[in-house]
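Each chain, written out:
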Amino acid sequence: MDLPPLAPFPPSNLRKGMMPEEWESCLDSWVFLIQRYLTLPAKAFAVKASKTPSISHFLVSCVKYPPIAKDLKSLRLRQQCFLLAHRMLTAVKPIPSPLLEWDYLANLSLAYGKSTALSRLLEDIWDQVLDGSLSLETHKRALIKVLEARSTGSELEGVLTPNLALIRACHRYGQFLMVGSDLVDAFSSAYERVEPSLKQKIKTVVYFSLMSLMGPDPKISTLLDHLYGLKSSPIIKALVESTPLLQKLREQTSGQESGRAKSLIASLASYEKGPYGRPKRPVRRKFDKGKGRDNDQYGHGALGKVHVHKLSLVSQVQDLFPDLGSGFIIKLLDEYDDDTALVTDALLNDNLPAHVRELDRTKEVTHTSTPQAHDLAPNLAPHSTPPLLQSRRNIYDDDDFDRLAVDASKLRLGRKGNATADKLLAAERSAGQKAAILSALAAFDSDDDERDDTYDVEDVGGTVDTTNDDNAADLRQEMHEEALFNAYNMTPDLFNRDAETRRGKARAALRSETGMTDEAVEGWAIMVARDPRRLRRLEAKFEMGGGGQRPSQRVLEGTAWRRDSGTEGTEDSDVGGAARGGRGGRGRGEEGEEAGEGGAGVAGPSDDMGTQVARQRKDANKGIESQS
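All values reported here derive from a predicted model rather than from experimental measurement.

So, how was this worked out
Residues numbered from 1 in each chain as written. Predicted model: local features only at pLDDT ≥ 70, side-chain atom pairs only at ≥ 80, totals over all residues. Heavy atoms only, no water. Helix = DSSP H or I, 4+ residues; strand = E, 2+ residues; numbered from the N terminus. Buried < 20%, exposed > 50% of the residue type's maximum accessible area, 1.4 Å probe, protein only. Areas by Shrake-Rupley, 256 points an atom, 1.4 Å probe, with all protein chains shown as cover. Axes fitted to C-alpha atoms, helices over the stretch in contact; angles between N-to-C directions. Parallel < 35°, antiparallel > 145°, perpendicular 65-115°, else oblique. Left-handed = near helix turned anticlockwise from the far one by under 90°. Contact = heavy atoms within 4.5 Å. Nonpolar A, V, L, I, M, F, W, Y, C, P; charged D, E, K, R; others polar. Phe/Tyr/Trp six-rings, centres within 6.5 Å; stacked < 30°, edge-to-face > 60°. Lys NZ or Arg CZ within 6 Å of the ring centre and 35° of its normal. Disulfide = S-S within 2.5 Å. 1 Å grid on protein atoms, 1.4 Å probe; cavity = no way out; pocket = protein on both sides within 12 Å on 5 of 7 lines; lining within 4 Å. Points joined across faces, edges and corners; volume = space filled by probe spheres on them.

Draft legend 1. Representation of the overall build of the protein chain in the model. Counting its secondary structure elements, the protein chain contains 29 helices and zero strands. The burial tally for the protein chain puts 32% of its 628 residues in the buried class. Carbon together with sulfur atoms contributes 52% to the accessible area of the protein chain, which is approximately 41100 Å² in total.

Draft legend 2. Structural view of the packing of helix α17 (residues 308-320) against helix α19 (residues 340-349). The interhelical angle for the contact between α17 and α19, taken along N-to-C directions, is 30°, at an axis separation of 10 Å. The angle between α17 and α19 places the two elements in the roughly parallel class. The chirality of how α17 crosses α19 is right-handed. Contacts from Leu313, Gln316, Val317 and Leu320 of α17 reach α19 at Thr340, Val343, Thr344 and Leu347. Tallied by class, the residues present in the contact of α17 with α19 amount to five nonpolar, three polar and no charged.

Draft legend 3. Quick peek at the packing of aromatic side chains. Across all of its chains, the model carries eleven aromatic pairs by this definition. A centroid spacing of 5.4 Å and a plane angle of 75° characterise the contact between tyrosine 207 and phenylalanine 208, whose relative ring orientation is edge-to-face. An aromatic cluster of three or more residues is present, and its members are Phe9, Trp23, Trp30 and Phe58. Note that lysine 140 overlies the ring of phenylalanine 176, its terminal NZ or CZ placed 5.4 Å from the centroid.

Draft legend 4. How the structure looks around the state of the cysteines. Applying the stated criterion across every chain yields a total of zero disulfides. Free cysteine cysteine 62: the closest other cysteine sulfur is in cysteine 81, separated by 3.1 Å. Cysteine 62 gets classed as buried once you look at its relative accessible area, which sits at 5%.

Draft legend 5. Up close: the layout of surface pockets. Put simply, the largest pocket is a space of about 1500 Å³. Around the largest pocket, the lining comprises 43 residues; the ones closest to its centre are Gln79, Phe82, Leu83, Ala341 and Leu342. Listed by contribution, the elements that provide at least two residues to the lining of the largest pocket are α2 (20-38), α4 (53-64), α5 (72-91), α7 (116-130) and α19. Of the residues forming the lining of the largest pocket, the biggest block, eleven residues, is contributed by α5. Across the lining of the largest pocket, the residue classes tally to 19 nonpolar, twelve polar and twelve charged.

Draft legend 6. Looking closely at the environment of leucine 33. Mapped onto the secondary structure, leucine 33 falls in helix α2. Given the relative accessible area of 12%, leucine 33 is considered buried. Spatially, the C-alpha atom of leucine 33 lies 7.9 Å from that of proline 4, the residues being 29 residues apart in sequence. Leaving out residues up to four positions away in the same chain, leucine 33 has contacts with Pro4, Pro5 and Leu6.

What follows is the structure, given as structure tokens:
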């Protein structure tokens, strides 16, 4: 079934005109469609996304007009949108152009700036397509023009805020902005003429841009060039006074740049304790008295001290990954801000951070042996036992039984009513019970000899009541499983998970016979393929049966003796009669004597030597029996 396109996310002015019921219906529809897209296989999703531009337009509108409400459905939609964007940027090749525009990346950083998964995602796609992108070059030139054009405060803040979010989410973007001195000079000139509130914003953008040059792939030479160029600018004084810029520079510089960095640090060190510097807060030292809580290697206390909400999130992750320990899962939840969807995605894609990947995945959070007084809830604190009540009362106090004034004629022992055995036998029964009894009587044959059915498990000595819902359900399930096994044994391709197989006549016939959906049929085949023991059980159960008969049900033939409907007095019938009688010519074998006298019961041509010998032997046996 083709999935419908995703409608764009409406602006706030349109959302205000919608009724609450309509808006909740839209949220439910978006979440449902996104989940259907996310459940597609990787190849099917890539093909579908490349042919469905509405997905890209929806993601762009979702971060451009993010939901303001903090209700559960809006938060759920926000989470699903991030998962869809993550898959679009990693699984679709080439990535749709709307998702590589600067506006979308900046709005995405504003919406999910605290997510570490977003930082890793932007770092990955930067190396692939964003490095040297025309959209980023165009935006950089536009940013320089805005800074030099003496724009208004609101316009300048509207440009600086998304830039700051994208720099903090992706340090490669900060390095991109620091290429060349044009933008740094524009920041310096704008800092001198704007109002104090915007000076703080510009200082923050410049600081994080410079810090990006000391990231995982540091560019110390470019950083020192910019700092030398800003030595005479007021912005460098504000940066040194209010940020740990020099401290980080001392820790980062080494090697060939150390001499150059030391001279620069020495020239800027005077600003650290200047009149504009912030007064240092007194540090209150804490002495370790050995009374701290017992923490594990992940920084958490005992399991009893972890919040109950965190424990519920741990159980959700352990349902999918039972081999992971609770301590390791708590560390993952801390890393991804208690977002179980991001934790699950990181575990499935195996893209955990390096410091988390090295931890022991089976580590459990330690349990406390005895709870302390400060760990107990207020309502569980020890308290004295309340005194017992002087007397207990109930609704039956002072009634006739309590006062022993009840009339003996009103007392009754046993059940109500005077039903006897005759009345119970004469009572009407349901049609199903009567039909079962009549069918059992019809199946009974008074001529049947009693046979030894000790080892016949299938012979239950009666009929099966098909009116029982449990028996009918078990029978239907067994029939469906047999149909699935026969189809799986003859045509395994019938269980392929592609659209052509699902539309085929054979799959339609299998669905009609079993009453199962395509997903259930394919899931049954997957489970059988993964479990060889189950496959062997099915082969032993169904493969030996034939003609529509259950292999576990053997045909029980009648044991009563029947006269041969064909030629009477044959040699075979005589042998059979002798076998049942125990000795030849006795028991039911004597019925053969009625067919003729003098050995006429032996079949064959009269002139044949074998027939004559058989007749003589039979007559001799009769003579011996008559004498005895």
